[in-house]
Amino acid sequence: MALRLGELLVKKKILTAEQVDKALEAQRTYGGRLGTNLVELGFIEDTQLAKVLAEQLRVPSATMEEFENISPDVIRQVSKEFAQEHRVVPIGMTGKLRVAISDPRDVEAIDQLGFKSGKAIQIVVAPEIWIAAALERYYNVARDIRYIRMPEKDSASSGELTYDISTDVQTDYAGKFEPIKSDLSLADYTVRLVRAGKKEEVFDALLDFLGNSFPQMAIYVVRKDHIGGWIVRGFPVHAREFAAVKIPFGTRTIIQTVVDTAAPYVGRLPPTIDDLKSVELLRLPKDGVFSFYPVTFRGRTLTVLLCVAGKGSKAADSGRTAGLACQKAGFALEMLALRNQITQLPAAAAPA
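Everything numeric here is computed off the predicted structure, so don't read it as measured data.

Now for the layout of surface pockets. By volume, the second largest pocket is sized at about 370 Å³. What lines the second largest pocket is a set of 19 residues, among which Leu5, Gly6, Leu34, Gly35 and Gln56 lie closest to the centre. Counting only elements with at least two residues in the lining of the second largest pocket, the list comes to α1 (5–11), α2 (17–30), α3 (34–40) and α4 (46–57). Here the element with the most residues in the lining of the second largest pocket is α4; it accounts for four residues. Across the lining of the second largest pocket, the residue classes break down as nine nonpolar, five polar and five charged.

Quick look at the structure:
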């Protein structure tokens, strides 16, 4: 009888039993396959997982390179509806239609595909995260929002375009209680985003650029089970106090709405306890006008920027500026993720 994936990884001494147990716990909480949770926890590389899956299931494995530039002719061999329902991606066609699937034991799906396409099928196994990324890229099938994990360092796993925000408390701003002023132009802001080598530099540039229009700003970050305080500028609160702010998912607040809709909100807060609690630490007037702007990555909200306009600022102009700045920041995060993915490609993938 074939060993289960976790047992095989422990037997081969790739992982410890404790690591597998943690991944199983994450799987029970967040769903997905065990291998996906192992990759997300940083316990195993996706390329290594592909090899182990092939050994476990006794099926050839796909390579990451096969997902890079799949021909439109190959993609057309499998309909979007079928690919989405059965989580399969056609990756090549040389006599047989080469199809990547995360569970090659789904014999019914394989038989259906052979019948529908009229072609002989060659099945190869691939990690669930590769399949999800390819469905999004080639079929425009949005990935489920499981959660955005917060590792201690920047990461963009091979084959999976994601971006992570660190959980580290940003103490750089602990003493910056006075309104922040900035003379950073839009052109200079854009240059800083292009040159940013890590996520902190992206958000530093964002706050510096908006400093003239918004002397008080705070950034909330989407964590795995809540929305939390991350960076604060211009407010009479210590960064560690703000980092302790937690808004559980599902809470009926404007911040939660901005996260869910990825759309900005400008106006007064509804007179609810939850909304007031979400900003009371910042000591803002309950009847004040608040501006919330999402920073998104591939349609998902990563952070929410709270802005308080300074005296003399034109609300409409400031709002357009903030919206544009947040959009550019999101693009910069995507550039970073792509840059990290390129640098993490194995040497074997490089041309001779």
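Let us keep going from here.
Most of strand β9 (residues 300–308) sits inside the fold, with nine of its nine residues counted as buried. Pairing geometry for strand β4 (residues 216–222) and β9, over six bridges, is antiparallel. Opposite Gln216, over in β9, you have Val308 as the bridge partner. Looking at chain direction, strand β8 (residues 289–297) and β9 are connected through seven bridges and run antiparallel. Across the sheet, residue Tyr293 finds its bridge partner in β9, namely Leu305.

Membership of the largest hydrophobic core comes to 47 residues, with the highest contact counts inside it found for Phe67, Val78, Val89, Ile91 and Ala100. Residues contacting Phe67, with those up to four places away along its chain left out, are Ala62, Val89, Ile91, Ala100, Ala126, Trp130, Ile131, Ala134, Arg137 and Tyr138. Counting residues in hydrophobic clusters, the runner-up holds 31 residues, among them Phe209, Leu210, Ala332 and Leu336.

So, on to the side chain of Ser117. With respect to the element layout, Ser117 can be found in helix α7 (residues 107–117). Ser117 gets classed as buried once you look at its relative accessible area, which sits at 16%. Within polar-contact distance, the side chain of Ser117 engages the backbone oxygen of Leu113 at 2.8 Å. A distance of 3.3 Å separates a polar atom in the side chain of Ser117 from the backbone nitrogen of Lys119. Setting aside its immediate chain neighbours within four residues, Ser117 contacts Gln77 and Leu97.

One non-glycine residue, Arg58, lies in the positive phi region at around 60°. Structurally, Arg58 is set in the loop between α4 and α5 (72–75). The phi torsion at Arg87 lies on the positive side, around 55°, for a residue other than glycine. Along the chain, Arg87 turns up in the loop between α6 (80–86) and β1 (88–94). Residue Arg87 is classed as partly exposed on the basis of its relative accessible area, which comes to 33%.

What follows deals with the packing of aromatic side chains. Any aromatic ring pair is given by two values, namely how distant the centres are and how the planes are angled relative to each other. According to the stated counting rule, one finds six aromatic pairs in the structure shown. Ring geometry for Phe203 against Trp230: centres 5.0 Å apart, planes inclined by 85°, an arrangement best described as edge-to-face. One end of the pair, Phe203, is in helix α10 (residues 199–210); the other, Trp230, is in strand β5 (residues 226–233), with 27 residues separating them in the sequence. Overall, Phe203 belongs to the buried group, its relative accessible area being 0%. Take Trp230: its relative accessible area is 1%, and that puts it in the buried class. Relative to Phe242, the ring of Tyr220 has its centre 5.2 Å away and its plane inclined at 65°; by these criteria the two rings are edge-to-face. Linking Tyr220 in strand β4 with Phe242 in helix α11 (residues 239–243), this pair joins segments that are 22 residues apart in sequence.

It is worth spelling out the pattern of salt bridges at this point. By the definition in use, this model includes 11 salt bridges. Among the ionic pairs, Asp103 bridges to Arg105, the shortest N-O distance being 2.9 Å. Residues Arg233 and Asp204 are paired through a salt bridge, measuring 3.7 Å at the closest nitrogen-oxygen approach. One end of the pair, Arg233, is in strand β5; the other, Asp204, is in helix α10, and 29 residues separate them in sequence. A relative accessible area of 22% means that Asp204 is categorised as partly exposed.

Right, let's talk about the confidence of the model for the protein chain for a bit. Low-pLDDT stretches of the model should not have their predicted coordinates read in fine detail. For the protein chain, the mean per-residue pLDDT works out to 79, and 81% of the residues sit at or above 70. Considering only residues more than four positions removed or in separate chains, one finds that residues 145–181, a stretch of pLDDT under 50, has 123 contacts.

Counting buried positions along β5 gives eight out of eight residues, so the element sits mostly inside the fold. Here β4 folds back onto β5, and the loop between the two strands holds three residues. As paired elements, β5 and strand β6 (residues 246–248) share three bridges and run antiparallel to each other. Each residue of the ladder has a partner; that of Gly228, found in β6, is Lys246.

Here is what the cut-offs are and how they apply
Residues numbered from 1 in each chain as written. Predicted model: local features only at pLDDT ≥ 70, side-chain atom pairs only at ≥ 80, totals over all residues. Heavy atoms only, no water. 1 Å grid on protein atoms, 1.4 Å probe; cavity = no way out; pocket = protein on both sides within 12 Å on 5 of 7 lines; lining within 4 Å. Points joined across faces, edges and corners; volume = space filled by probe spheres on them. Helix = DSSP H or I, 4+ residues; strand = E, 2+ residues; numbered from the N terminus. Nonpolar A, V, L, I, M, F, W, Y, C, P; charged D, E, K, R; others polar. Buried < 20%, exposed > 50% of the residue type's maximum accessible area, 1.4 Å probe, protein only. Pairing = 2+ DSSP bridges. Core = buried A, V, L, I, M, F, W, Y, C linked by side-chain atoms within 4.5 Å. Contact = heavy atoms within 4.5 Å. Polar contact = N/O pair within 3.5 Å; in protein donor to acceptor, adjacent residues only side chain to side chain. Phe/Tyr/Trp six-rings, centres within 6.5 Å; stacked < 30°, edge-to-face > 60°. Salt bridge = Lys/Arg side-chain N within 4 Å of Asp/Glu carboxyl O. pLDDT = per-residue confidence, 0-100.

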